[in-house]
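The residues making up each chain are set out below.
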Amino acid sequence: MTVVVELKTVDDTREFGRRLARLLRPGDLLLLSGPLGAGKTALTQGIGAGLGVRGDVTSPTFVIARVHRPDPARGGRVTLVHADAYRLGESVDPRAEIDDLDLDASVDEAVTVVEWGEGMVEQLVDAHLRVRIDRRDDDTRVVTLDPVGGDWAQRLAALD
């Protein structure tokens, strides 16, 4: 069950991330893809807000991964691990670099969002959600959610 959503603004993209966060639980892996500037980090900011994590969610391009712990004052309930494999794709062995991040050490307890991670991190879990974001010339974002295994299709059916 593929879900396609059109979002008119960056704020709409963040708000959609908040709504998506209601469906997420520890052990979830989301793979975000799309061109530069499509809205992957904006979506993750919304997910972080929806999960009630500490600190600002910013692009992890230069640090590769950031860990955002739950903030009880904001209703936080689960850690968000936000990784960006964009620069890893240029290395000789990007999968080895992904292994060096130890994402498998936290994947069971956290919601893990990996930008540009297709082909590198799917083996971390039995099921995951592929999220493709494309940006039109009028800045509308087209978000395609493609569940892979598990109960993702049932959870996406509950997305309002």
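Residues numbered from 1 in each chain as written. Predicted model: local features only at pLDDT ≥ 70, side-chain atom pairs only at ≥ 80, totals over all residues. Heavy atoms only, no water.

Draft legend 1. Spotlight on the side chain of Thr140. Considering the arrangement of structural elements, one finds Thr140 in the loop between strand 6 (128-135) and strand 7 (141-148). A polar atom in the side chain of Thr140 sits 2.9 Å from the side chain of Asp138. With residues up to four places along the chain from it excluded, the contact list for Thr140 reads Glu6, Leu7, Lys8, Asp134 and Arg135. (Helix = DSSP H or I, 4+ residues; strand = E, 2+ residues; numbered from the N terminus. Polar contact = N/O pair within 3.5 Å; in protein donor to acceptor, adjacent residues only side chain to side chain. Contact = heavy atoms within 4.5 Å.)

Draft legend 2. Fine view of the sheet that holds strand 3 (residues 65-68). Taken in spatial order, the seven strands of this open sheet run 1-7-6-2-5-4-3, and their pairing is mixed. In this open sheet, the two strands that pair with only one neighbour each are strand 1 (3-7) and strand 3. Taking each pair of neighbouring strands and ignoring which way they run, the sheet shows an average axis angle of 20°. In this structure, strand 1 lies alongside strand 7, joined through five bridges in antiparallel fashion. Looking at strand 7, one finds that Glu6 is bridged to Val142. (Pairing = 2+ DSSP bridges. Axes fitted to C-alpha atoms, helices over the stretch in contact; angles between N-to-C directions.)

Draft legend 3. Seen up close, the confidence of the model for the protein chain. In this model, the protein chain carries a mean pLDDT of 84, and residues with pLDDT of at least 70 account for 79%. Here helix 3 (residues 94-100) is the element of the protein chain with the lowest mean pLDDT, 49, and strand 7 is the one with the highest, 97. (pLDDT = per-residue confidence, 0-100.)

Draft legend 4. Here's a closer look at unusual backbone geometry. The backbone of Asp139 sits at a positive phi, close to 75°, despite the residue not being glycine. Here Asp139 lies in the loop between strand 6 and strand 7.

Draft legend 5. Structural detail: the packing of helix 1 (residues 10-21) against helix 2 (residues 40-51). Contact geometry for helix 1 and helix 2: axes closest at 6 Å, N-to-C directions at 45°. The orientation of helix 1 with respect to helix 2, classified from their angle, is oblique. In the crossing of helix 1 with helix 2, the sense of the turn from one axis to the other is right-handed. Across from Val10, Thr13, Arg14, Phe16, Gly17, Arg18, Leu20 and Ala21 in helix 1, the residues of helix 2 making contact are Ala42, Leu43, Gln45, Gly46, Ile47, Ala49, Gly50 and Leu51. (Parallel < 35°, antiparallel > 145°, perpendicular 65-115°, else oblique. Left-handed = near helix turned anticlockwise from the far one by under 90°.)

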